[in-house]
Amino acid sequence: MAIGGAVTPGRKAKWAIIDIIVVVYALVPVLWIVSLSFKTKDTLADGNFIPRDWTLQNYADIFATDEFIRPLINSLGISIIATLIAVVLGMMAAYAIARLDFPGKKALVGVSLLIAMFPQISLVTPLFNIERELGLFDTWPGLILPYITFALPLAIYTLSAFFREIPWELEKAAKMDGATPGQAFWKVIAPLAAPGVFTTAILVFIFCWNDFLFAISLTSTEASRTVPAALSFFTGTSQFEDPTGTISAAAVVITIPIILFVLFFQRRIVAGLTSGAVKG
Amino acid sequence: MTTTEVAPAPAGRGAEQPAPRRHASPWKRRAPLLPALIFTIAVTQIPFLVTVFYSFQSWNLVRPGSQYFVGFQNYIDVFADSTFRTAMLNTVVLTVVCVFVSMVLGLGLALLLDRKFTGRSVVRTLIITPFLILPAAGALLWKTAMFDPVHGLLNFVFGTDIDWLSAYPLGSVMTQVIWQWTPFMTLLILAGLQAQSKEVLEAAQVDGAGRWRTFASITLPQLSRYLQLAALLGAIYIVNSFDAIYLMTQGGPGTASTNLPFYIYQRAFEGFDVGQSSAMGVIVVILTLIVATFTLRLMFRTFDVSGGVK
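Residues numbered from 1 in each chain as written. Chains lettered and ligands numbered in written order. Predicted model: local features only at pLDDT ≥ 70, side-chain atom pairs only at ≥ 80, totals over all residues. Heavy atoms only, no water.

With an unreviewed UniProt entry as reference, chain B is termed Sugar ABC transporter permease, source organism Prauserella cavernicola. Here chain B is described in UniProt, under the heading Sequence similarities (unreviewed entry), as follows: "Belongs to the binding-protein-dependent transport system permease family." Reading the Subcellular location (unreviewed entry) entry of the UniProt record for chain B gives the comment "Cell membrane". (UniProt positions renumbered as here; feature names shortened; annotations may be inferred.)

For chain A, an unreviewed UniProt entry supplies the name Carbohydrate ABC transporter permease and the organism Prauserella cavernicola. UniProt's Sequence similarities (unreviewed entry) comment on chain A is quoted here verbatim: "Belongs to the binding-protein-dependent transport system permease family."

What follows is about the overall build of chain B. The number of helices and strands found in chain B is 17 helices and two strands. Residue burial in chain B is summarised as follows: out of 310 residues, 50% are buried. Sequence-distant contacts in chain B: of pairs separated by 6 or more residues, those separated by 24 or more amount to 66%. Element-wise, carbon and sulfur atoms account for 68% of the exposed surface of chain B, whose accessible area totals about 14900 Å². (Helix = DSSP H or I, 4+ residues; strand = E, 2+ residues; numbered from the N terminus. Buried < 20%, exposed > 50% of the residue type's maximum accessible area, 1.4 Å probe, protein only. Contact = heavy atoms within 4.5 Å. Areas by Shrake-Rupley, 256 points an atom, 1.4 Å probe, with all protein chains shown as cover.)

Here the focus is the domain arrangement of chain A. Accessible area lost on assembly of the parts is the figure often given for the size of an interface. Domain annotation for chain A reports domain 1 (11–55) and domain 2 (65–266). Inter-centroid distance (C-alpha atoms) of domain 1 of chain A to domain 2 of chain A is 31 Å. (Domains from an automatic or database assignment.)

Turning our attention to the pattern of salt bridges. All names here are of chain B. The tally for this structure, following the rule as stated, stands at two salt bridges over all chains. Asp81 is the salt-bridge partner of Arg267, the closest N and O atoms lying 3.8 Å from each other. Taken as a pair, Arg267 in helix H16 (residues 260–270) and Asp81 in the loop between helix H6 (73–80) and helix H7 (82–114) lie far apart in primary sequence, 186 residues in all. Here Arg267 makes a salt bridge to Asp273, at a shortest N to O gap of 3.4 Å. The network of salt bridges with shared partners includes Asp81, Arg267 and Asp273. (Salt bridge = Lys/Arg side-chain N within 4 Å of Asp/Glu carboxyl O.)

Before going further, it helps to examine the packing of helix H7 (residues 169–176) of chain A against helix H8 (residues 181–210) of chain A. Residue and element names in this part refer to chain A. In contact at an axis separation of 9 Å, H7 and H8 are set at 145° when each is read in the N-to-C sense. For the element pair H7 and H8, the recorded crossing hand is right-handed. Across the interface between the two elements, Leu170, Glu171, Ala174 and Lys175 of H7 pack against Pro181, Ala184, Val188, Ile189 and Leu192 of H8. Residue composition of the contact of H7 with H8, by class: seven nonpolar, no polar and two charged. (Axes fitted to C-alpha atoms, helices over the stretch in contact; angles between N-to-C directions. Left-handed = near helix turned anticlockwise from the far one by under 90°. Nonpolar A, V, L, I, M, F, W, Y, C, P; charged D, E, K, R; others polar.)

All names here are of chain B. Looking at chain B as a whole, the pLDDT averages 77, with 86% of positions reaching at least 70. Counting contacts from residues 1–22, a segment whose pLDDT is below 50, to residues more than four positions away or on other chains yields three contacts. This model gives residues 304–310 a pLDDT under 50, and the stretch forms four contacts once residues within four places in sequence are excluded. Reported confidences for the modelled complex are a pTM of 0.77 and an ipTM of 0.74. (pLDDT = per-residue confidence, 0-100.)

Here we take up the side chain of Thr219 of chain A. Examined against the element boundaries, Thr219 of chain A turns out to sit in the loop between helix H9 (213–217) and helix H10 (227–236). Separated by 2.5 Å, the side chain of Thr219 of chain A and the backbone oxygen of Ala215 of chain A make a polar contact. (Polar contact = N/O pair within 3.5 Å; in protein donor to acceptor, adjacent residues only side chain to side chain.)

All names here are of chain A. Per-residue confidence for chain A gives a mean pLDDT of 77; residues scoring 70 or more make up 86%. Mean pLDDT across the elements of chain A ranges from a minimum in helix H11 (residues 244–279), with 63, to a maximum in H9, with 89. Every residue in residues 1–5 scores below 50 in pLDDT, and together they form seven contacts with partners more than four places removed in sequence or on other chains. Scored below 50 in pLDDT, residues 271–280 shows 11 contacts in the model against residues more than four places distant or in partner chains.

In this section: the UniProt feature "domain: ABC transmembrane type-1" (unreviewed entry) in chain B. As recorded in UniProt, the feature "domain: ABC transmembrane type-1" (unreviewed entry) lies at residues 88–295 of chain B. Overall, residues 88–295 of chain B shows 80% helix and 0% strand. The separation of its end C-alpha atoms is 20 Å.

What follows is about the interface of chain B and chain A. The partner chain A presents 94 residues to the 91 residues of chain B that form the contact. For the pair chain B and chain A, the summed buried surface comes to about 8400 Å²; carbon and sulfur atoms form 77% of the total. Taken as a group, Leu132, Leu134 and His151 of chain B account for 8% of the area that chain B buries against chain A, more than any other trio of residues on that side. In this assembly, chain B and chain A are joined by zero salt bridges. The element that contributes the greatest number of residues to the side of chain B that touches chain A is helix H5 (residues 34–55) of chain B, accounting for 14 residues. Along the lines of polarity and charge, the residues of the side of chain B that touches chain A split into 65 nonpolar, 16 polar and 10 charged. (Buried area = accessible area lost by both parts, 1.4 Å probe.)

With that settled, consider the packing of aromatic side chains. For the structure shown, the criterion picks out 28 aromatic pairs over all chains. When the centroid spacing of 5.8 Å and the interplanar angle of 35° are considered together, the rings of Phe150 of chain A and Phe214 of chain A count as tilted. One end of the pair, Phe150 of chain A, is in helix H6 (residues 140–165); the other, Phe214 of chain A, is in helix H9, with 64 residues separating them in the sequence. Its relative accessible area of 1% is what places Phe214 of chain A among the buried residues. Measuring from ring centre to ring centre gives 5.5 Å for Phe242 of chain B and Tyr246 of chain B, while their planes differ by 35°; the resulting arrangement is tilted. Assigned by exposure class, Phe242 of chain B and Tyr246 of chain B land together as buried. (Phe/Tyr/Trp six-rings, centres within 6.5 Å; stacked < 30°, edge-to-face > 60°.)

With that settled, the discussion passes to the UniProt feature "transmembrane region" (unreviewed entry) in chain A. All names here are of chain A. Residues given the UniProt feature "transmembrane region" (unreviewed entry) here are residues 15–34, 76–98, 107–128, 140–163, 184–207 and 247–265. When the span residues 15–34 is considered, its composition is 100% helix and 0% strand, and the gap between its end C-alpha atoms is 28 Å. As a span, residues 107–128 carries 86% helix and 0% strand, and end to end its C-alpha atoms are 30 Å apart.

Here the focus is the UniProt feature "transmembrane region" (unreviewed entry) in chain B. All names here are of chain B. What UniProt calls "transmembrane region" (unreviewed entry) maps, in this numbering, to residues 31–56, 92–113, 125–145, 165–191, 226–248 and 279–300. Span residues 92–113 is 100% helix and 0% strand, its end C-alpha atoms 31 Å apart. The distance from the first to the last C-alpha atom of residues 165–191 is 35 Å, and the span holds 96% helix and 0% strand.

Of note, Asp138 of chain A is a non-glycine position whose phi angle comes to about 65°, a positive value. Following the sequence through the fold, Asp138 of chain A ends up in the loop between helix H5 (121–134) and H6. Take Asp138 of chain A: its relative accessible area is 12%, and that puts it in the buried class. Not every positive phi belongs to a glycine, and Phe272 of chain B is a case in point at roughly 55°. Its location among the elements puts Phe272 of chain B in the loop between H16 and helix H17 (274–309).

If you want it as structure tokens, here you go:
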């Protein structure tokens, strides 16, 4: 087949152009909002890609009050705690699914997947009422509990896919070579499992960080309101003042760290998916 | 005290451990799975039972003391409600279109990223950016940066003067959802592509298979498991789309872009009609369970098949 032919310079150029188009498609909205966030109120609507009048006023505005900083702290704290608990519980479950055989395993996996598909919206009203009764409404645990619940099936599923790929015979081989069970686990299995656990933790964190529905219905004050919910209140003032600049600045502030975070770890994420299997 | 306790322990360990390990009870083997399972079931099913209970009550929060048993009246009201039917249709359209389009785009992007070229890792990160952005921020970003009639890039690029969100509400929401979910599909499919053994691909090349033949006979079958996973997970989350609609259109204009989650939220938190919104919640759960059962069966079959091949 001619299609599988050699890579010519022309072909390379063609691919390069396709790559550029794709990146532009993915990034234009982001770049545009970065540009909006640096524009002054008067030049917001001028349609220039590069701001004519650079200003940091929008950033100063969002950090001037607790309206944005508090939710940022809430978001980070709630997401990190929920991620840690979900990944630990998920690892135990995934280990059982990947390694042990017992009757009803399939049914149990099915149940956990069904819970992942459970429409969150149908739980919001009762959770709202239950949490108010228990005094959990508008507190950190009030959000952490549902986040763990809905993150767990994701964690179990991803982890057991990773665990299934681990060549567990290596553990036995290490023991035959004189390693203790602890050594066999920490020196052989743990390094193979680490990329999977890490990837899962990132996915779970993003899942918790991104939630909007629970955040907006189970919180009412800055005590536990997370960033997504706080953002929706930014738009609320739009009748009196155009919040485009402020919204843009807030969007940039919460987006850039995540991009940097993943840029930093992403080689590990994607490579982790493959190298474990190849090297093992 | 210490001596009496320490002494029997090694003996017990040596004598008893091999036996229970060989005949370990199934419950012992299930044990690591139980905390997660019990936790998730408790947090999802207790509220769900409460939802079922509410759905048989007439209960409006603005009218205190209005709570009483009405049987199936809420369900009858819901099915007679034309907004409910619109919301249902919108949900189906939104999910099917978004899953399909983002999977096709995702497959294309994943194939693109699977090749070696300079700056690949940077391009890869930039492409997955939309998925990493907070959906709420993504929705606001499209609302203010792209669709806005005054600041919007779309009008600027096309030289038009359209208020996209009122002219094409569902289309606009779908565009945002697709933009958001394509990277997720890309990542999953890319994982599938990279899991392929390079030896097999090289062998195919040595045997004279062209790029398309290799793709169709080796890559695609191997990928089917990842494609299904992508479709399934995508569908689960896109059915529940709430952020985009809440922040971009508020379901409007009218009910043009109202989907089920948003309508339920509206009835519960803005209309305070706990009874009817719970009835809708139960209906959504039942429909989800039907779809999920088919999907799960498909998944398990796929895994059995791939297990057999291995």
